[in-house]
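# Overview (structure and organization)
Read off the chains here:
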Amino acid sequence: MRFGGFIAALALITSSVQAQGVDLSGELSLQSRWYADRWVSPGQHSSSRVLVVKPTLRGQIGDNSSIEFTPLFRYDSTENKSTHTDVREAYLLTYGDWDRNSWELRLGISRVFWGVAEVHNLVDVVNQTDLIDHPRDRPKLGQPMAHLTIFGDWGMAEAFVLPYHRPRSFSGRLGSNPTARPISENAQYESGADENRVDFALRYSHAVGLVDFGFSSFWGTSREPTFEAPQNINLPIIPYYEKIRQFGIEAQITTESNLFKMEAIHRHGQRNRLGREESYNALVLGMERAVYAPFGSKADLNLIAEWLYDSRGQRATGIWQKDLYVAGFLTLNDVHGTELSAGIVKDLDSGERSWNVEFKRRLSNNWSIRLEALDDLFMGMNLTFSF
């Protein structure tokens with residue numbers, strides 16, 4: 001990572017913050033996974049053990065500024081490539097008032113989230129995906145940025161300057177989330193500036209009555225790579241990042257028991273599966289229904305259905321071409337915060353299905369446990385200590 005200068009500057013700022021203004025929190029996770037036999041490649045272990053440490057340091061600087069620093073360390077027993085460090089957040093935040101509006105400026109490494117859908121967020125294009133940690137949760141890498149936000153009664157406007165592109169992180173063939181063929185760490189770029197090209201993004205969001213909506217645009221290097229495969233199958237495939245333009249819209253209508261959701265994008269500049277540039281549209285339509293106290297219990301049940309569409313069809317580079325996602329989330333509303341969820345995705349063209357089941361529960365004020373099964377890929381346990 002080429003963030004050394006910024007991290008050094010942030011450390012200097014941190015040292016100047018008075019002790020009583022510093023807040024330290026974070027998580028320590030112990031993870032175990034057991035893999036189905038057909039997903040174990042030659043040389044790969046049938047199980048893995050992972051340690052993740054993610055502390056967060058927050059400090060106030062004067063009346064209108066603060067800092068936040070969230071590093072991450074991940075140790076994977078299966079391979080060195082999946083053992084890594086990262087900086088999820090490391091920024092200076094300053095804020096104030098402007099006439100009848102308020103503003104804030106965030107400088108450094110940060111993460112933002114756009115979207116309303118559950119299974120896949122089309123409009124969420126600023127941060128890169130980290131595929132080392134989990135194939136479904138898909139946490140985001142920190143992104144260097146200057147992020148200006150202005151908000152008032154009229155809504156919220158955001159502008160982003162993104163001076164550095166982070167390539168997608170992949171696990172190796174022996175790692176916790178193995179790939180069928182090795183992926184090269186030497187990514188290729190359409191831009192002559194490679195990863196140093198400056199990207200830009202804008203977003204406007206507002207809530208009017210029952211409707212929350214947002215419009216976004218992005219000009220820059222795609223976070224989603226296409227791949228160039230050498231004819232020699234023993235050589236790794238090469239990620240390739242095009243210059244794209246994307247325009248997105250998201251909306252959510254909230255009623256007493258139902259949420260109606262929509263995300264849509266138009267993207268220009270990205271290659272399709274055949275290696276040809278193709279402009280395309282993609283859409284997610286969804287509905288979420290809340291069932292309160294089913295069968296006279298204290299629990300709450302949320303039922304979700306989402307339909308995903310990509311105009312490229314079989315030429316799409318992702319898996320979301322024409323799919324249906326159905327899921328249920330049961331919250332017991334007990335003192336331990338027990339939650340159970342299950343979901344299934346069906347490809348409406350091929351008929352293929354994949355599913356996941358997850359159980360979460362607090363063991364104490366600081367300890368929590370998560371059990372999951374993902375299709376026939378793996379079963380996992382995650383024990384987390386929060387401090």
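Look up a bit, the structure's there.
Below or above, wherever it landed, is the structure these notes cover. (Residues numbered from 1 in each chain as written. Predicted model: local features only at pLDDT ≥ 70, side-chain atom pairs only at ≥ 80, totals over all residues. Heavy atoms only, no water.)

### Let's talk about the overall build of the chain
Each helix and strand in the chain was counted, giving one helix and 21 strands. In the chain, which comprises 387 residues, the share counted as buried stands at 43%. Accessible surface, the chain as shown: approximately 19,800 Å² in total, 58% of it carbon and sulfur. (Helix = DSSP H or I, 4+ residues; strand = E, 2+ residues; numbered from the N terminus. Buried < 20%, exposed > 50% of the residue type's maximum accessible area, 1.4 Å probe, protein only. Areas by Shrake-Rupley, 256 points an atom, 1.4 Å probe, with all protein chains shown as cover.)

### Quick word on the pattern of salt bridges
Per the stated rule, a full pass over the model turns up 23 salt bridges. We note a salt bridge from Asp199 to Arg223, for which the minimum N-O separation is 2.8 Å. With Asp199 in strand 9 (residues 199-208) and Arg223 in the loop between strand 10 (211-221) and strand 11 (226-228), this residue pair connects regions lying 24 residues apart in the sequence. Of the two residues, Asp199 and Arg223, both sit in the buried class. Through salt bridges with shared partners, a single network forms among Glu339, Glu358, Lys360, Arg370 and Glu372. (Salt bridge = Lys/Arg side-chain N within 4 Å of Asp/Glu carboxyl O.)

### What about the sheet that holds strand 8 (residues 188-189)?
Spatially, the three strands line up as an open sheet ordered 8-12-11, and their pairing is mixed. Looking at strand neighbours, the two that pair on one side only are strand 8 and strand 11, the edges of this open sheet. The pairing of strand 8 with strand 12 (residues 238-241) spans two bridges and is classified as parallel. Bridging from a neighbouring strand, Tyr189 pairs with Tyr241 of strand 12. (Pairing = 2+ DSSP bridges.)

### Some words on the nonpolar core
Core analysis: the largest hydrophobic core is formed by 23 residues, its most contacted members being Trp114, Val126, Phe160, Leu162, Phe218, Ile265 and Tyr325. Put simply, the parts of the chain that give this core at least two residues each are strand 7 (155-162), strand 15 (280-292), strand 16 (300-310) and strand 17 (322-331). When near neighbours in sequence (up to four residues on either side) are disregarded, Tyr325 contacts Glu118, Val119, Ile304, Ala305, Glu306, Leu308, Gly343, Ile344 and Val345. (Core = buried A, V, L, I, M, F, W, Y, C linked by side-chain atoms within 4.5 Å. Contact = heavy atoms within 4.5 Å.)

### Some thoughts on the packing of aromatic side chains
The geometry of an aromatic ring pair is captured by two quantities: the separation of the ring centres and the angle between the planes. On inspection of all chains with the given rule, the structure shows eleven aromatic pairs. Relative to Phe247, the ring of Trp219 lies with its centre 6.4 Å away and its plane at 90°, an arrangement referred to as edge-to-face. On the criterion of sequence distance, the pair formed by Trp219 in strand 10 and Phe247 in strand 13 (residues 243-254) is long-range, its members being 28 residues apart. Grouping aromatic residues by their ring pairs yields a cluster made of Trp154, Tyr204, Phe213 and Phe215. Across the ring face of Phe378, the terminal group of Arg33 is positioned such that the distance to the ring centre comes to 4.8 Å. Directly above the aromatic system of Tyr280 lies the positively charged group of Arg312, at a separation of 3.5 Å from the ring centroid. (Phe/Tyr/Trp six-rings, centres within 6.5 Å; stacked < 30°, edge-to-face > 60°. Lys NZ or Arg CZ within 6 Å of the ring centre and 35° of its normal.)

### With respect to the pairing of strand 2 (residues 47-61)
Relative to strand 2, strand 1 (residues 22-35) runs antiparallel, the two being bridged by 13 bridges. Considered in strand 2, the bridge of Asp23 is made with Arg58. Strand direction decides the pairing type here: strand 2 and strand 3 (residues 65-76), joined by nine bridges, are antiparallel. Bridge pairing in strand 3 places Val53 opposite Phe73.

### Here's the deal with the environment of Leu303
Positionally, Leu303 belongs in strand 16. Residue Leu303 is classed as partly exposed on the basis of its relative accessible area, which comes to 40%. Sequence separation of Leu303 and Val326 is 23 residues, and the distance between their C-alpha atoms is 7.7 Å. Not counting chain neighbours up to four residues away, the residues in contact with Leu303 comprise Met287, Glu288, Arg289, Val291, Ala327 and Gly328.

### Considerations on the environment of Thr331
Its location among the elements puts Thr331 in strand 17. Taking the C-alpha atoms as reference, Thr331 lies 9.7 Å from Lys360; in sequence the two are 29 residues apart. Apart from the residues within four sequence positions on either side, Thr331 is in contact with Ala299, Asp300, Thr338 and Glu339.

### Notes on the side chain of Glu288
Following the sequence through the fold, Glu288 ends up in strand 15. For Glu288, the side chain forms a polar contact with the side chain of Lys261, separated by 2.9 Å. Contact partners of Glu288, with chain neighbours within four places excluded, come to Ser257, Asn258, Leu259, Lys261, Asn302, Leu303 and Ile304. (Polar contact = N/O pair within 3.5 Å; in protein donor to acceptor, adjacent residues only side chain to side chain.)

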